[in-house]
Amino acid sequence: MPRPPPLPPRPPLLPGTVFAAAEAELRNHIDEAIAEKRSVSVLLEPGAHIKLSRLLECDSNIKVIIFSSDERATLDGQGKSGLFRLRGGCSLTLRRLALVNGRAYNGGVVWAEGAGDVEIVDSTITDCEATQFGGGVYVASAEVNSAVSIVDTTITGVYARVDGGVVFANFGRDIFMTRSTVLSCSAGGIGGVVAAYNSGAVSLTRSNVTDCSAGWRGGAIFTKGSDLLATDSSFSGCRADLGGAVYVQSGTARLARSNIFNCIANVSGGGLFSEDGQTILSDGTLISGCTAPDGEGRSLFLLAGEVAYALPASPGRWLPNARCEVYRGACAHPPGSPQQAACLKHRDDCATSHEPPYEWYCQNATFVQPCNWKSDPHLLGQSLYQLPLLPVEQDFPFACSAGILGSADPEYQSSSTCAGPCPPRRRCPTEATSQTLPCTAGHYCPAGTSVPLPCPAGSYSNRIDLAAASECREAEPGHFATTGSTAATPCSPGTFAGTKGQSECERCAPGTSSDEGSDSCDECEPGTYAKNHGQGECIPCPHPLSTEHGSVTCSICKEGYYLRDSNYSESGIFLAPSEHCKPCPPHAECPHNTTLETLRVPHGYWRASSLSAVLSECRNFGGDGETRCTGSKSGEGSSASGRRIQEDTAYCGPDFKGPECQLCVADKQYLADGDACEACVDIRTAAGRIAALGLGICVACGFVAWAYSMQGWRQKPYIGPPLRLADRTVHNFFEAGLVPKMKILLGFYQICFVLKPTYSARLPDKYTSWTDELAEAVSIDWSGFFLPAQCLPYWSRLVAVAVSPTSLIALLLLFGVGRRLYRGRARDGGVLPVGDTHRAFTLGVGEASIVRNEASVCGESSVLSVLSVSDVLHCPEVDKIVLSQTLVLSWNAKVALGLLDLTPACLVLVFCFVPSVSASIFKSWSCQAYTVSPPSEALEQIEYMRQDASVECGSDEHRSITNLAIFFIVVWPLGSLVLYSSLLAGCAKPLRATTQTALTRATGFLHREYTLTFYWWEALELARKLVLTGAVLLIPEERAFVRLVVATLICSCYVALVGATQPFKRVEDDALAVASSLVLLLFFLGANWTTIYLGIEERYPNAEAAAALFGFNNLNAVVDSMIVLVAIVFPIAIAGSIFAVRNVAKVPTIRLVSSNQEPELTLALGLTWHLFNSHIWSTGQDAAAVIKNELQHLLPGIKIFLDVDDLDNIGALEEYISRSQTILFFLSKGYFGSHNCLREVRASLDQKKPLVLVQEGNLEKGGTLAALRAECPGHLREAIFDKGWSLTTWHRIEAFQLVSLKVITEALLLCSPAYEDETALPLYVPGEAQREHLGFLQPVVLWVSPSNSGAVYLVNELKSKFAADTLTVVVEDEAPTQESRKPTHMLLYLNANTWSGERGVRLAEQVKQARADKLTIVMAHENDPTRNGCAFDCMFQTTPQELIAGLDGHPGLYKALATSFFPGAFREVSLVLLAKKLGATPVSENVNDARSGVIRYAIRGRVSNRASTRRSRFSTSEQVDVGPEESARQVV
């Protein structure tokens, strides 16, 4: 806890004053003073809280003063002890103290018996108690002239169980309480504050006693044999059985300028109880609000004794009084004598003299006297009321009555008339009024007014000084005044006052009205009515009725509304106006008094019946709808009657008819550009054009395909470049994975652009006009290109739409089959000659040549065999020719191959056509509904086909169209879905086995971009598009909104499903699918909103319900908000896609350089493992396990056979080999000496398995390649070492192992079905050493000794790899000493010649000097024999021993690791590792920091044949090339 702040310094003490901060100190000071019989003054520490364990006693005739500063000290009896006990004449003064919790038998604070003065000044007394008497102070047997003084003190909660709640005095002396406050003190018996028995005077001056009580007598003060004087004090809320505030048992009590308020006596004397003695009330003392619930004397109870009141009383009060004087006998001197004259003259002087009559002219006092002047001579001459011995029940003195003016002058306090009646123009509203109040506005006050009298009706006044009613003012015409008005009130609307002085206004007659304050009534204006008397205004006709001038009712519809039934009665129309007058339909015109039949249709609109209130806006159809739809003529209504337009040219221009006037009146004409009719082309001419176009397209496509298949043309001067560009474009298109992205975007487009025609989504034209044009542009309605839609029946167009793509697909398939059959006949009855290799020209699918090797699963044997359809479909290598075999194809196999040849192209066509064709088929049920029934009746509509307005939906003609559409549904939507599902089901087994067959290759368009788990996703996607683009049209038009709800639910589920399953192989495709689906969902939600918005607007055309519901003022705002939302969501989704792609790109797996994707792992049918790891246990087990483990991490999903994990039967090695696709020979010491290893080798060669050779790099475990070749049996060497199989070396350094793993991976991938046509597959691993972008952030000066053989050539390689001006190479015999050229590193190149000859000796000296100079030596160990490389062991034989052992505290030279340099692809890794040792760190490409002067350069890429000729972009220096004899200084 924090320490309390330091105490302030003690004030200086006066002489004779001591200081005390604790009980012991205080007690010691008092005891010492008693012992020394001297007075003592004790200053208590300010703020101290001294808890007393027992009473502080003083029994010596001394004076004890205890005080504190303004920060009062506290004396605390702790509820266990009183505070002080005084005896023996001891006097006590307590000043500025807090006295609390005193508990004693008598005197909770001070118990004084035979003591001197007790003074409590400027202190507080709280919660003190006495068991018997004096809860605060007990005084008994006081010394002569001693007193108890309580000055400027607050006393709260002090209690005595018997008498004297605060002070008890018994045979004591005077008690003085001055400027003090007593709160909530009490006594169980007598005197809630003071109980004085036979003591001196009890004086209260300017003190207040509140809420004190006594159990018996004197709730505040009790006196017996003592005199009470209360001056300028108050008693309030006190309580006792007798004498709620004061009880006088005997003695004298005088209360001057004091008040007793709201005190209670349970029995008698609510304010004061007088048992005996004399009580004088004077100088305005007042007893009010007191009660005696169970007895008498609410204010006073006089049992005996004498009670008088000496005037003046409180202002506004009175008492019957008389002058207090001495009644004397009559002058008894002879009449006329001087004595008699003197007696009569001085009679008044004698009446006010209480002395014995020494003057001879004063007669003796009579027996009966008017007042007790003998006991109190001061009463003589005062106006005095002597109270009779009767209880006083009202406030005392008595209050002057209301209406009577009271006074503070005793002259006017002698009777109930007081100062007389209240003067005129003033009022005395309450009792005891001594100050008059002004009269009230609107009233007048004659003399003696207590309640003002109101001005009579018809008059008013706002003055407050009226004395008579005649002074009130009359109301003006148009106004009235009620009794007591302060202003004239204007007549309310509908009333009037024609003359002055009106107390009320008269009501206007029916048909008239008046404004406020009118003196007459006016007739109602047109459009309003007043049916009743006294209407304040003419009421507007009930919406939407109107009326003529001055009417009393309404019976016609106002402008903007029409009357539904003109035959209805006027009263009926008035009683239900909204049922008869309807809002003018949207876009219609309703002049005054319009009916349903006569409402006007404006230009550009059309309605289906004269009884319909629904107007349809004529669609533009590419032109101007107002030209076709002319509407009603001015002043005219419909030209027809009934539920339908009898002449279907109504509201149409002269050349148009039908719904929305979209049909031409003349036969064989069609609507051109939306506003004109033109003659149709002859159908035969159109058919010829279509046929010519189709033929031309087929010929063009065939020529392009033929040209593309001509490999030799790619070298020709003109046709070659486009073909090569096409090759690169197709290759890049597939490698970049654009196929799934195009499919996703095309599917998005196919769904998005049917929102309006399929879902009847109503959007503003500015948003849909361009989409409608685009949708029409890509429509496959071939007939529409040459023959407009209205020139051909819809069933004909439906046939053309459905049959034309089917015919195209069928022609392609027939072409493929015919091509196969023709080639079969040309090859001698179906026998394929050796070496016949044909390539397909469609989408990369190889021509299905049918020859396989002996181990093929296609059914080939050593004899001539015939392949069936099943063989063709499931053959994994159907596109290969093996020179040693021939096979025969059956005719059905040829047909199957022909179908497979063009299946990819057909699937692409189905994908492109099926949504739009299906949508066209389902549009047979798409009808536009027009209302023909009146608004008040059940809805009746007539529907026309959207695609052919001449066909009424539900008619026989329409039913024939829908029957035809049902057939095409089976062909297209259901047929395509069945086709997709069947093909994918046939591919299920080989796909799960990662085996490619002819069928899987031909159907790759359906499953290539999906993961194996979700290979069937394309069928689900097709079902989604079919439902969203067409199937929803089966929902009736009147429930078109349900279509939107269904589509929204489907899109919501699809977004969640794509996000949860992630079916695509590429993460960016998953992200794009989610983004496009989410945007599509937002489009459907927007269509929902706009449909609801427009529906509300049409139902409540003049209301703002739609705006209130959506918060938008118009439909454009709704659409704009949706566009903004899409604009926000789509970039976020794209950003998420990019972020996901970047994260996936960082995963360390082997990837294709061409596509940055992980390669596809496939197996030929019937195989189990991608790779068989053949090795010898003794020297190759550890490396083989590492190879398998690393490949499984770098190639997720790869299956590798390793004996320790997969071998179940040692006798089945040959079977394991046959079930493996590629065989890895791990060549280590003793491999060819192992019997089982040789079994694996022979089985691999016999089964013609592709091989990959891995040499153990550790010479102790492997040896040289020549040694391994020598170890191999002679008859196997050529098949293993001379066939060009991939060969790599396995090193123990991770960066080099990654190079070997990529070689192994490339070899096994090139042998897999997915990549068998490739000759090379460049691979990389994110984060590998070769791909790190390194640069030298700090300047590096590399010293190369000319004596170090081969070092200069190595540094040239380093410079060709890294270009940085912060890397400086110095080639000198001695290390430079100049500061700018001082080396930071020394390069030591270790090979077989490093330490030989004089150059080796010189180099050793230079190394010693570099170590002495503490120069960092970076070592590079050459392992390439062509570069004089050697094993590192030879370094210990040729290196000077002092360098190996280390001298002068330097560690041995080879304590640090040297960077190994291996030949081939490993050398690039070695250069990167060497650069890192020199201080190269990863940097961004081409980062240039000019401020720091540090320029960073990226790695230039793989080392190539041209690397030696590269030059730095920032330096023109040639590469260093130092010969053996050269020692001159060269700086690079």
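Just so it is clear, the model here is predicted, and its values are computed rather than measured. What you see as residue numbers is a count from 1 along each chain, following the sequence as written. This being a predicted model, a pLDDT of at least 70 is required before a residue's local features are given, and a value of 80 or more before pairs of side-chain atoms are given or counted; all residues contribute to the totals for chains, interfaces and linings. Calculated side-chain values reflect all of the structure's heavy atoms, with hydrogen atoms and water omitted.

Caption draft 1: Examining the overall build of the chain more closely. Only DSSP runs of H or I reaching four residues or more are called helices, and only runs of E reaching two or more are called strands; each is numbered from the N terminus. Across its full length, the chain holds 36 helices and 89 strands. Taking all 1532 residues of the chain together, the buried fraction comes to 49%. Residue contacts are defined here by distance: any two heavy atoms, one from each residue, within 4.5 Å place the two residues in contact. When contacts within the chain are restricted to residue pairs at least 6 apart in sequence, those whose partners lie at least 24 apart make up 70%. A simple rule labels every residue: compare its accessible area, found with a 1.4 Å probe on the protein chains alone, to the largest value its type can have, and call it buried under 20%, exposed over 50%, or partly exposed in between.

Caption draft 2: Representation of helix 15 (residues 891-922) in the model. Between its first and last C-alpha, helix 15 extends only 39 Å over 32 residues, short of the 46 Å set by a 1.5 Å rise per residue. Of all bends in helix 15, the biggest is about 50 degrees, found at T903, and the proline P904 comes one to four residues later. Buried residues dominate helix 15, accounting for 25 of its 32 residues. Every helix has an expected span of 1.5 Å times one less than the residues it contains. One axis fitted to the seven residues ending at a residue, another fitted to the seven starting there: the angle between these axes is the bend at that residue.

Caption draft 3: Molecular detail of the nonpolar core. Nonpolar cores were defined as sets of buried Ala, Val, Leu, Ile, Met, Phe, Trp, Tyr and Cys residues, with membership established by side-chain atoms within 4.5 Å. Residues L44, I66, V193 and F396 are the most contacted members of the largest nonpolar core, which totals 87 residues. Among the elements that line this core, the one with the most residues is helix 1 (residues 23-36), at four residues. Beyond its immediate stretch of four places on either side in the chain, L44 contacts F19, A20, L26, I50, I66, F67, S68, A73, L75 and L97.

Caption draft 4: Fine view of the side chain of Q1297. Within the secondary structure, Q1297 sits in helix 31 (residues 1294-1310). Q1297 gets classed as buried once you look at its relative accessible area, which sits at 12%.

Caption draft 5: A look at a negative patch on the surface. On the surface, a cluster of negative charge is contributed by D515, E516, D522, E523, E525 and E537. Along the chain, E525 falls in the loop between strand 55 (522-523) and strand 56 (528-529). Like charges are joined within 9 Å and nonpolar side chains (Val, Leu, Ile, Met, Phe, Trp, Tyr) within 5 Å, but only among residues with over 30% relative accessible area and no salt bridge; these make up the patches. Surface accessibility in these figures is a Shrake-Rupley result with a 1.4 Å probe; residues are shielded only by whichever protein chains are displayed. What makes a salt bridge here is a side-chain nitrogen of Lys or Arg within 4 Å of a carboxyl oxygen of Asp or Glu, nothing more. His is not counted, nor are the chain ends; Lys and Arg add positive charge and Asp and Glu add negative charge. Taken as the charge centre is NZ of Lys, CZ of Arg, CG of Asp or CD of Glu, depending on the residue.

Caption draft 6: The arrangement of the pattern of salt bridges in detail. Taken as a whole and judged by the stated rule, the model has 41 salt bridges. Among the ionic pairs, R1239 bridges to E1214, the shortest N-O distance being 2.9 Å. Placement of the pair is R1239 in helix 28 (residues 1235-1246) and E1214 in helix 27 (residues 1213-1218), with a sequence separation of 25 residues. Accessibility expressed as a relative area gives 31% for E1214, which makes it partly exposed. Linked by salt bridges that have partners in common, E1357, E1422, D1424, R1427 and R1467 make up one network.

Caption draft 7: Focus on the state of the cysteines. Count a disulfide wherever a pair of cysteine sulfur atoms falls within 2.5 Å. Going through the model one piece at a time under the given rule, you end up with 19 disulfides. The disulfide partner of C324 is C371, and the gap between their sulfur atoms is 1.7 Å. One disulfide, between C324 and C371, carries an S-S torsion of 80 degrees and so falls in the right-handed class. On the criterion of sequence distance, the pair formed by C324 in the loop between strand 41 (322-323) and helix 2 (338-345) and C371 in the loop between helix 3 (347-351) and strand 42 (383-386) is long-range, its members being 47 residues apart. With a sulfur-sulfur separation of 1.8 Å, C618 is cross-linked through a disulfide to C629. For the disulfide bridge between C618 and C629, the dihedral angle about the S-S bond is near -100 degrees, and by the sign convention the bridge is left-handed. Here C618 is found in the loop between strand 64 (616-617) and helix 6 (625-628), whereas its partner C629 is found in the loop between helix 6 and strand 65 (656-657), with eleven residues between them in sequence. You'll find C618 and C629 in the same group, each marked buried. Of the cysteine sulfurs around C290, a residue in no disulfide, the closest is that of C263, at 4.7 Å. On the basis of relative accessibility, which here comes to 3%, the residue C290 falls in the buried class.

Caption draft 8: Structural context of the sheet that holds strand 78 (residues 1286-1290). A sheet is described by the order of its strands in space; here five strands give the open sequence 75-74-76-77-78, paired in parallel fashion. Looking at the sheet topology across the chains shown, the edges are occupied by strand 75 (1200-1201) and strand 78. Note: strand 74 (residues 1169-1174) against strand 75, two bridges, orientation parallel. Among the inter-strand pairings, F1172 is bridged to a residue of strand 75, identified as F1201. Only the stretch in contact is used when a helix axis is fitted, and all axes are lines through C-alpha atoms; the angle between N-to-C directions ranges over 0 to 180 degrees. Relative to the sheet, helix 28 contacts strand 74, strand 76 (1220-1227) and strand 77 (1251-1256), its axis offset from that of strand 76 by approximately 140 degrees. Sheet strands in contact with helix 31 are strand 74, strand 76, strand 77 and strand 78, and its direction is about 155 degrees off that of strand 78. The rule for pairing is simple: two strands pair if DSSP sees at least two bridges between them.

Caption draft 9: A look at empty space enclosed by the protein. A 1.4 Å probe that fits into a set of points on a 1 Å grid over the protein atoms alone but cannot get out defines a cavity; an open set with protein on both sides within 12 Å along at least five of seven lines defines a pocket, and lining residues are those with an atom within 4 Å of a point. Grid points are joined across faces, edges and corners, and a volume is the space filled by probe spheres set on the points. Counting across every chain of the model gives seven cavities of 30 Å³ or more. Mapped by element, the contributors of at least two residues to the lining of the largest cavity are helix 9 (738-752), helix 20 (1017-1029) and helix 22 (1067-1099). No other element matches helix 9, which puts five residues into the lining of the largest cavity. All residues other than Ala, Val, Leu, Ile, Met, Phe, Trp, Tyr, Cys, Pro, Asp, Glu, Lys and Arg, Gly among them, are scored as polar; the first ten of these are nonpolar and the last four charged. Grouping the constituent residues of the lining of the largest cavity by class yields nine nonpolar, three polar and six charged.

Caption draft 10: Structural context of the packing of aromatic side chains. By convention, a stacked pair of Phe, Tyr or Trp rings (six-membered ring in the case of Trp) has centres within 6.5 Å and planes under 30 degrees apart, an edge-to-face pair has planes over 60 apart, and any other such pair is tilted. Within this structure, the stated rule accounts for 39 aromatic pairs. Members of the aromatic cluster, connected to one another through ring pairs, are Y105, W111, F133, Y138, F168, Y197, F222, Y247, F273 and F301. When the NZ atom of lysine or the CZ atom of arginine is within 6 Å of a ring's centre and also within 35 degrees of its normal, the charge is said to sit over that ring. Here the basic side chain of K743 rests over the ring of F911, its NZ or CZ set 5.7 Å away from the ring centre. Note that R1024 overlies the ring of Y1054, its terminal NZ or CZ placed 4.0 Å from the centroid.

Caption draft 11: Spotlight on unusual backbone geometry. Cis geometry marks the peptide bond from L311 to P312; its omega dihedral reads 15 degrees. Looking at the element boundaries, P312 is found in the loop between strand 39 (306-310) and strand 40 (317-318). Cis geometry marks the peptide bond from H543 to P544; its omega dihedral reads 10 degrees. Assignment of secondary structure puts P544 in the loop between strand 57 (539-540) and strand 58 (545-546). With a phi close to 55 degrees, C661 is a non-glycine residue in the positive phi region. Following the sequence through the fold, C661 ends up in the loop between strand 65 and strand 66 (663-664).

Caption draft 12: Fine view of helix 21 (residues 1040-1061). With 22 residues, helix 21 extends 32 Å between its outermost C-alpha atoms, agreeing within 8% with the 32 Å of an ideal straight helix rising 1.5 Å per residue. Every buried residue of helix 21 is accounted for by A1040, R1043, L1044, A1047, T1048, C1051, Y1054, V1055 and V1058. The buried residues of helix 21 occupy an angular sector of 135 degrees when projected down its axis, which confines them to one face. In this structure, helix 21 carries L1049, C1053 and A1060 as exposed residues pointing more than 90 degrees from its buried face. Backbone geometry just after helix 21 places Q1062 at a positive phi near 50 degrees. Arc definition: directions from the helix axis to the C-beta atoms.

Caption draft 13: Up close: the environment of L311. By the element assignment, L311 lies in the loop between strand 39 and strand 40. In this structure, the C-alpha to C-alpha distance between L311 and L384, residues 73 residues apart in sequence, is 6.1 Å. Among all residues touching L311, those that are not within four sequence positions of it are L319, N321, S383, P410 and Q413.

Caption draft 14: View of the confidence of the model for the chain. Across the chain, the average pLDDT comes to 81, with 86% of residues at 70 or higher. When the criterion is pLDDT under 50, residues 634-647 qualifies, and its contacts beyond four places in sequence or with other chains add up to 39 contacts. You can read pLDDT as the predictor saying how much it trusts each residue, on a scale of 0 to 100. With pLDDT under 50 throughout, residues 1486-1532 is counted as low confidence; its partners more than four residues away or in other chains account for 94 contacts.

Caption draft 15: Structural detail: a nonpolar patch on the surface. A cluster of nonpolar residues, F1041, V1045, L1049 and I1092, forms a patch on the protein surface that exposes about 310 Å² of accessible area. Per-element accounting of the nonpolar patch gives the leading share, three residues, to helix 21. Mapping L1049 onto the fold places it in helix 21. For L1049, a relative accessible area of 52% gives the class exposed.

Caption draft 16: Structural view of the pairing of strand 1 (residues 17-20). As paired strands, strand 1 and strand 2 (residues 40-44) are joined by four bridges and run parallel to one another. Bridge pairing links T17 to S41 in strand 2. With helix 1 bridging strand 1 and its parallel neighbour strand 2, the resulting β-α-β unit is right-handed. Look down the strands so they point away from you; if going from the first strand over the helix to the second traces a clockwise path, that crossover is right-handed.

Caption draft 17: Molecular detail of the side chain of S976. In this fold, S976 is placed in helix 17 (residues 973-992). What makes S976 buried here is its relative accessible area of 4%. What qualifies as a polar contact is a pair of N or O atoms within 3.5 Å, subject to a donor-acceptor requirement within protein and to the restriction that residues adjacent in sequence count only when both atoms come from side chains. At 2.6 Å, the side chain of S976 and the backbone oxygen of W972 are in polar contact. Contact partners of S976, with chain neighbours within four places excluded, come to V910, V914, V971, L1022 and L1026.

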